[in-house]
Amino acid sequence: MSTPHSLTTAPHADFELEVVEGVWPEDISGEMVFSSPQRCTPMDYSIFDWGSICRLSLAAGTRGAGPGRFAWQTRSIQSPGKRLWDRLPEQFTTTATGYQSPLGPANAANTAPLPWGGRLYTTWDAGRPIELHPDTLEFVAEVGHRDSWGGNSLEMPGIMPFLLSTAHPVVDPERDCLWSVKLEFVMEPSIGLRPSVVRYDAADGTQVRHWPLEGVSFLGSTHTVSQTRDWLILADSGNFKPDPAEMFGGERVLTIDHEVPVWLIRKDQLDGLATGTPVTPITLTMAPPAGHFYARWDDSDGISVVWEGMDLMDLAFYLKADDLDVNGNPIDPASVGLYNMAMAPETIVEVLFDPESGKAIERGIYREDWTFNLQLSAMDWSTEGLTKPTLHHVTYQGCRPHNISLRAATLYADRIDLDQLREATPGALATFERGSMELKAKWDYPNLDDHITSPTFAPRGGGSSGAQSAYAGGEPGGHDGYVLQPVMSDDGFRVELFDAAAVGKGPIAVLKGTNRECVPMVLHSAWMPSYHDLVDAERLRFSDELSDDLMASVPEELHGAIREVAAECDELF
Ligand SMILES: [Fe+2]
């Protein structure tokens, strides 16, 4: 069984869900939001298409749902780029890394929702965060004038900037800022990408500040930024490598790394430092590569990080129409354009990064034959929960041989055990103890038609105590509350709700669409309280960036559409 056809065939649509099993608890509130690439254009690799935001309200009868029902809403992110694509689709071509056009590259903003206070952002790795209206979910603004980001990652014409960044900037609750990253092509000390730390202050309005990392050049990506109270942590994700051979029409020949560099930067190094001034990080090495890692906020006894390894998960590899799978069968046409799934079980590690010795010290590690496709995790994102995390909930999708291409298996022949990839295995939601990475609970999904995806932690009675941050429940840390596990299936999308302290007992309630609706592929999810108003703030307007020079870099006949989009966006806030 390959992944559900509905991942690529279901439309984005609003619908209602109802409880089909168990009892929905009274003390859950707020909303679960998802990012998802739309399918606007037939594209080689569908994760690069324009983004949408989806929202599941966790309180029955809200956001327009009928009594006892739960609203699922989805909205296209109508950024300036998407509005230009709507008007001028013939100006856009697609490559293995998404849209290109004389207007500049797209900001698809399709990967992760990022709630911050009463505001909602959506992110991706090759563009600025985009702010959405927390009530209507409509596009509001992009974050930070392109010049304040230090300009394009690689010089190119166009009124849409080319900014390689991260899909996971992190909110600093003490400084009320967002820490992000920008990558730019450099020739020294070697040809590659140089990261800069980027800081966006809520009070800064339209500007960000950036500080390049002195002497760093690498060929990879920075999918996650993490932090403690005093430190920022950047890493080469190591599992998405742009391959020049492939870009010029050939076969992929690059493979993912065995180990990756990790960069530590003290936050106070940046205080008062003029934007653009280089800073020198402390560099460590860590294995295996990881897309996602999350540090404990409290660093009084060290920088403790849960490192979600992506062993032999090459995210640059996608499935093509003429691919065979690892058992020699043709790839399911509905899976074409999806990513090649994991070719080994994944390792999760609790690791201490020691800036004094430059060592990564493993404190706990978990890897078993069943830990294939460590997809994503659920944790308590309140400041209180991040300070003293207790439980970490992880979704494993299981081995999926139908979604592993023979092409990938051949390229990685000397690094994989083919016999371990022949059979599909159940997915599982697993709970680990922070610090030790001891497995505390596990719930299997033996029906191989179920494809479990990005889980979310929702606190119990979130935001009910004035003494705590709005995201905190009664006992922060990840054990007191609920884990929401979305299940993609051609039989209808479900959301299963677990007691976070007892995942092994199975779901206590299950939601399903009233007409067994299916949902297309979603990427990250997040929990947030329900907000209705747009926070009053200074914001960047698209028209603020349309300098004479930039307009001159775009063919004259496109100027009319650009001006129309700018006028439309000027009316948004
Ligand atoms: Fe991610």
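Residues numbered from 1 in each chain as written. Predicted model: local features only at pLDDT ≥ 70, side-chain atom pairs only at ≥ 80, totals over all residues.

Helix and strand counts for the chain stand at 7 helices and 32 strands. On C-alpha atoms alone, the chain measures out to a radius of gyration of 22 Å, which is about the 25 Å that the 2.2 N^0.38 rule sets for 573 residues. Reported as C-alpha extents along the three principal axes, the dimensions of the chain are approximately 60 × 55 × 50 Å. Within the span of the chain, comprising 573 residues, buried residues form 54% of the whole. (Helix = DSSP H or I, 4+ residues; strand = E, 2+ residues; numbered from the N terminus. Rg over C-alpha atoms; globule rule 2.2 N^0.38 Å. Buried ≥ 20, exposed ≤ 12 C-beta atoms within 10 Å, placed from the backbone.)

On to the pairing of strand β28 (residues 456-459). Burial of β28 is two-sided: the residues T456 and A458 facing one way and the residues F457 and P459 facing the other way are all buried. By the bridge criterion, 4 bridges tie β28 to strand β29 (residues 481-488) in an arrangement that is antiparallel. The residue of β29 that forms the bridge with F457 is V483. (Pairing = 2+ DSSP bridges.)

Turning our eyes to something else, we now look at the sheet that holds strand β21 (residues 348-354). Strands belonging to one sheet form pairs held by backbone hydrogen bonds; the direction of such a pair is parallel or antiparallel. Across the sheet, which stays open at both edges, the 4 strands sit in the order β19-β20-β21-β22 with antiparallel pairing between neighbours. If you trace the sheet from one side to the other, it starts and ends with β19 (290-295) and β22 (359-366), each paired once. Averaged over all neighbouring strand pairs, the angle between strand axes comes to 25 degrees, with direction disregarded. Note: β21 against β22, 7 bridges, orientation antiparallel. Across the sheet, residue V349 finds its bridge partner in β22, namely I365. (Axes fitted to C-alpha atoms, helices over the stretch in contact; angles between N-to-C directions.)

Pairing is antiparallel across the open sheet formed by 4 strands, whose spatial order is β11-β12-β13-β14. Of all the strands in the sheet, just β11 (170-172) and β14 (209-212) have a single pairing partner and so form its edges. Geometrically, the sheet is characterised by an average inter-axis angle of 35 degrees between neighbouring strands, direction not taken into account. Bridge count between strand β13 (residues 192-201) and β14: 4 bridges; the pairing is antiparallel.

Take the environment of A509 next. Structurally, A509 can be placed in strand β31 (residues 509-513). Apart from residues lying up to four places away in sequence, A509 is in contact with V19, E21, G22, V23, W24 and L497. (Contact = placed C-beta atoms within 7 Å.)

Attention now goes to the packing of helix α2 (residues 80-87) against helix α7 (residues 559-570). Between two packed helices, the angle of one axis relative to the other and the distance separating the axes together describe the packing. Following both chains from N to C, one finds α2 and α7 inclined at 135 degrees, their axes separated by 10 Å at the closest point. Viewed along their axes, α2 and α7 adopt a mutual orientation that is oblique. Note on packing geometry: the crossing formed by α2 with α7 is right-handed. Facing P80, R83, L84 and R87 of α2, the residues of α7 in contact are A561, I562, V565, E568 and C569. (Parallel < 35°, antiparallel > 145°, perpendicular 65-115°, else oblique. Left-handed = near helix turned anticlockwise from the far one by under 90°.)

This paragraph deals with the pairing of strand β8 (residues 119-123). The buried count for β8 comes to 4 of 5 residues, which makes it a mostly enclosed element. Summarising the sheet, strand β7 (residues 112-116) and β8 pair through 5 bridges and their orientation is antiparallel. The partner of P115 across the bridge, within β8, is L120. Where β7 hands over to β8, the hairpin turn is made up of 2 residues, of which G117 adopts a positive phi near 55 degrees.

With that settled, consider unusual backbone geometry. Of note, the bond from E188 into P189 is cis; its omega dihedral lies within 30 degrees of zero at -5 degrees. Across the junction of A287 and P288, the peptide omega takes the value -5 degrees, indicating a cis bond. Relative to the helices and strands, P288 resides in the loop between β18 (282-286) and β19. A positive phi angle is found at A109, which is not glycine, with a value near 45 degrees. In this structure, A109 sits in the loop between β6 (98-100) and β7.

A separate point is the environment of I53. Relative to the assigned elements, I53 resides in strand β3 (residues 51-57). Sequence spacing of I53 and G30 is 23 residues, and the spatial spacing of their C-alpha atoms is 16 Å. Apart from residues lying up to four places away in sequence, I53 is in contact with V33, S35, R75, I77, P113, T122, L132 and L137.

With 161 residues, the main nonpolar core has I233, V262, V305, M343 and V483 as its most contacted residues. In this view, V483 contacts A378, H393, L429, P455, F457, F498, A500 and V503; residues no more than four positions away in its chain are not counted. (Core = buried A, V, L, I, M, F, W, Y, C linked by C-beta atoms within 7 Å.)

A word on α2. Those residues of α2 not exposed but buried are P80, G81, K82 and L84. Elements that come into contact with the buried residues of α2 comprise β4 (70-76) and α7.

A few words now on α7. Side chains three or four residues apart in an α-helix point the same way, a direct result of the helix having 3.6 residues per turn. Taking 1.5 Å per residue as the helical rise, α7 with its 12 residues ought to reach 16 Å, and the 16 Å between its terminal C-alpha atoms agrees with that figure. Taken together, the buried residues of α7 touch α2. (Expected span 1.5 Å × (residues − 1).)

Before going further, it helps to examine the environment of Y339. Within the secondary structure, Y339 is located in the loop between β20 (303-309) and β21. Taking C-alpha positions, Y339 is 33 Å from R63, a pair spaced 276 residues apart along the chain. If we ignore the near neighbours within four places in the chain, the residues touching Y339 are I47, L315, F317 and Y318.

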